[in-house]
Amino acid sequence: MSDRTTAAETLAAGAPAKSAPHVDAGDAGYSKDLKSRHINMIAIGGAIGTGLFLGAGGRMAGAGPSLAIAYAVCGVFAFFVVRALGELVLYRPSSGAFVSYAREFMGEKGAFAAGWLYFLNWSTTAIADITAAATYAHFWAMFSDVPQWLLALIALAVVLTANLISVKYFGEMEFWFAIIKVAALVAFMLVGIFLVVTQHPVDGHTPGFSTVTDNGGIFPTGMLPMLLVIQGVVFAYASVELCGVAAGETESPEKIMPKAINSIMWRVGLFYVGSVVLLALLLPYTAYSGDQSPFVTVMGKLGVPGAAGVMNLVVLTAALSSLNSGLYSTGRILRSMALSGSAPRFTGLMNKGKVPYGGILLTAGFGVLGVALNYRLPGQAFEIVLNFASIGILGTWGMIMLCSLLFWHHAQDGRVTRPSYRLPWAPYTQIVTLFFLAGVAFLMWWGGGVGRTTVMFVPLIAAALVGGWYLVRGRVNAIASERENA
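Because the structure is a prediction, the values reported are computed rather than measured.

Chemist: Got a sec to walk through the environment of Ser 275? Specific residues and values, please.
Modeler: Assignment of secondary structure puts Ser 275 in helix α13 (residues 253–282). When the C-alpha atoms of Ser 275 and Tyr 237 are compared, they prove to be 15 Å apart, with 38 residues separating the residues in sequence. Non-local contacts of Ser 275, meaning those with residues more than four positions away in its chain, are made with Leu 52, Phe 188, Met 189, Leu 270 and Phe 295.

Chemist: Any chance you could break down the packing of aromatic side chains for me, citing the residues and the numbers?
Modeler: With the rule as written, the count across this model stands at 20 aromatic pairs. Residues Phe 188 and Phe 295 carry aromatic rings whose centres are separated by 4.8 Å and whose planes lie at 85° to one another, so their mutual orientation is edge-to-face. Taken together, the positions of Phe 188 in helix α8 (residues 167–198) and Phe 295 in helix α14 (residues 294–302) put the pair 107 residues apart, joining distant regions of the chain. One exposure class covers both Phe 188 and Phe 295, and it is buried. Ring centres of Phe 442 and Trp 446 lie 6.1 Å apart, and the angle between their planes is 20°; this geometry places the pair in the stacked category. Placement of both Phe 442 and Trp 446 in helix α18 (residues 428–446) is noted, with a separation of four residues, approximately one turn of the helix. Feature note: the residues Phe 112, Trp 116, Phe 119, Phe 366 and Trp 469 constitute an aromatic cluster, connected by ring pairs.

Chemist: Talk me through α13; I want residue IDs and the actual numbers.
Modeler: Here α13 spans 41 Å end to end across 30 residues, near enough to the 44 Å set by a 1.5 Å rise per residue. At Arg 267, α13 shows its largest bend, some 35°. The element α13 is extensively covered by neighbouring structure, given that 21 of its 30 residues are classed as buried.

Chemist: Which residues make up the environment of Tyr 136, and what are the values?
Modeler: Following the sequence through the fold, Tyr 136 ends up in helix α6 (residues 97–137). When its relative accessible area of 2% is taken as the criterion, Tyr 136 is described as buried. Taking C-alpha positions, Tyr 136 is 9.7 Å from Thr 317, a pair spaced 181 residues apart along the chain.

Chemist: Any chance you could break down the packing of helix α5 (residues 67–91) against α13 for me, citing the residues and the numbers?
Modeler: Packed helices, taken two at a time, are described by their axes: the angle between them and the distance between them. Direction vectors running N to C along α5 and α13 enclose 175°, while the axes themselves pass 9 Å from each other. Comparing the axis directions of α5 and α13 gives the class roughly antiparallel. Looking at the contact of α5 with α13 residue by residue, the classes come out as 20 nonpolar, three polar and two charged.

Chemist: Lay out helix α19 (residues 449–456) with the relevant residues and their values.
Modeler: Turning to α19, its buried residues are Gly 451, Thr 454 and Val 455. Down the axis of α19, the buried set is contained in an arc of 95°. They therefore lie on one face. Facing away from the buried side of α19 by over 90 degrees, the exposed positions are Gly 449 and Met 456.

Chemist: So, the layout of surface pockets: which residues are in play, and what are the values?
Modeler: To find the voids left in a structure, one rolls a probe of water-molecule size over its atoms. Reported here for the second largest pocket is a volume of approximately 360 Å³. Listing elements by their share of the lining of the second largest pocket, those giving two or more residues are α6 and α20 (458–485). In terms of residues, the lining of the second largest pocket owes the most to one element, α20, which gives seven residues. Grouping the constituent residues of the lining of the second largest pocket by class yields 14 nonpolar, three polar and one charged.

Chemist: Could you give an account of unusual backbone geometry, with specific residues and numbers?
Modeler: Omega for the bond connecting Ala 426 with Pro 427 falls within 30 degrees of zero, at 5°, which places this linkage in the cis form. Relative to the helices and strands, Pro 427 is located in the loop between α17 (381–412) and α18. Look at Asp 203: it is not a glycine, yet its phi comes out positive at around 55°. Along the chain, Asp 203 falls in the loop between α8 and α9 (209–213).

Analysis parameters
- Residues numbered from 1 in each chain as written.
- Predicted model: local features only at pLDDT ≥ 70, side-chain atom pairs only at ≥ 80, totals over all residues.
- Heavy atoms only, no water.
- Helix = DSSP H or I, 4+ residues; strand = E, 2+ residues; numbered from the N terminus.
- Contact = heavy atoms within 4.5 Å.
- Phe/Tyr/Trp six-rings, centres within 6.5 Å; stacked < 30°, edge-to-face > 60°.
- Buried < 20%, exposed > 50% of the residue type's maximum accessible area, 1.4 Å probe, protein only.
- Expected span 1.5 Å × (residues − 1).
- Bend = angle between axes of the 7 residues up to and from the residue.
- Axes fitted to C-alpha atoms, helices over the stretch in contact; angles between N-to-C directions.
- Parallel < 35°, antiparallel > 145°, perpendicular 65-115°, else oblique.
- Nonpolar A, V, L, I, M, F, W, Y, C, P; charged D, E, K, R; others polar.
- Arc of directions from axis to C-beta.
- 1 Å grid on protein atoms, 1.4 Å probe; cavity = no way out; pocket = protein on both sides within 12 Å on 5 of 7 lines; lining within 4 Å.
- Points joined across faces, edges and corners; volume = space filled by probe spheres on them.

Now the structure itself:
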C-alpha cells in the first residue's frame, strides 16, 4: 500500500494526517560544542543581566520597594515564555529557535516578522550594553577622562572578536561570565542578610523593615510608578530565551533543556526578587539612582576598601555578558532567515569555526551606531535604547507565545505531538501572557516621556516590516520553490 493511499484512508476515517517534520535549512552546519554546563550557565546568565545590575538603581529610586513586586510579576511571565519555548525546543531543536517555529506554524511572513523584531531587540540592547559598560568604566579614576563613546567602542570590539572565533569560546566566555555574576550576587546577598540580621548601620541607617516603613512604605510614591517601571523590568529578563537558541548547538537537548529552564523560576525568585528586597532593607530608596549600580551604591556606603570597585567590575562583566549573548543569538537567527531569503545573503555566511559571522557583524554594525549615540547624547543613550529594546522584547515574546498557541492547536488537531515537557495550563497561559504583553505596551504609552514616544514608533516599525516583506517575498518564494523541487 502506498503512502498516498494510506493518507487518503486516514483522512476518510476522519483522523487528520500528521505533517512531515519541518526541516530548517538554517540548522545545518553548526558544531555541537555546547555542553550541559554551558547551557545551564547560559540560562542563568540570561536571567541575570544589565537590567538588574544597572537598571534596578533608577527603578528603585522611582518606584521604591514595590520594585520587588514588579520583578516577581514579570518573572512569572518570563518563565511562561521560556517554558513555552522549551516545549517547542523539545519538539524540534533549532538554532533558528522561535523564527524557525514561526516559519513552521505561521509561514514565512511570521518568520520574517519574528526575526526582525528579535534583531530590533538585540541591536538596541547591544547599544544599551556598551553604554552600560562605558558607564561602569567611568567609576574608576583611570577612565574618568576617557570619552564615553570610546569606552563603548572598546567594549564592542573586545566582545565581537571573541564571538567570531567559535561557539566553544562563546560558551566558555558565557560560562565564566555567569559564574562571576552568580558568585557576586550570592556574596552580596550573604553580606546583605548579615547586615540586616545584625542591624549593622549602613551610611547611618539601621537595616531592616524600618528602612521601608520609615520612608513611605512599600509604595512610597504610589502604585502608579510601580506599574510604569514594568516595561523596564521586562527588559531585565530580555535574555531568558537565549537557552532556546543555544539548544541547536548542543548534544541531547532533551536531557539538558528541561533542567536548565525549570531552574530559571527559582533563580528569578532568589536573585531578582531577593536582591531587590535586600536593597530596600539596607538603604532608603532615595539613596539609589540610575547613574550607578545599586549594588555598587551599597558597597560604597559600607566603606569597605575596594568593595565597590569589585562589585563594579562584576556589573561590567554583566554588561559584556549580555552583549556577548546578543551577538551570538542574532547571528544564529539571521542565518536562519538568510537561508530562507528573509535577510541579506551575507548574514548566512559561516567561517571556519562554524560561526555565522555575517549576522554577528550586522548586529555589531548597529552597535557602532550606539557609539555615535554615546558621543551625541551620553546622558540619555541608555534610556533611549532601553525603550526601543523593550518594544523588540515584547514583539519577540509575543511571537514565541503565538507559536506556542499555534503548536497547541496543531497538537489538538493531531498534526504534531507535544513532548512530555510542556507549558502548563495551555492554552490559557499563552492567552494571559499575550494580554500581559499588550498591557506593558499600554503602560509604556500611558507613562508618557520616552516610553510614549517609543510606542508611537510602533506603526513605523510595522510599516517597515510590511515594506521589508514586499522587498524580499520574491526571493523567499523562489528559495521555497527550489527546496520543494529539490
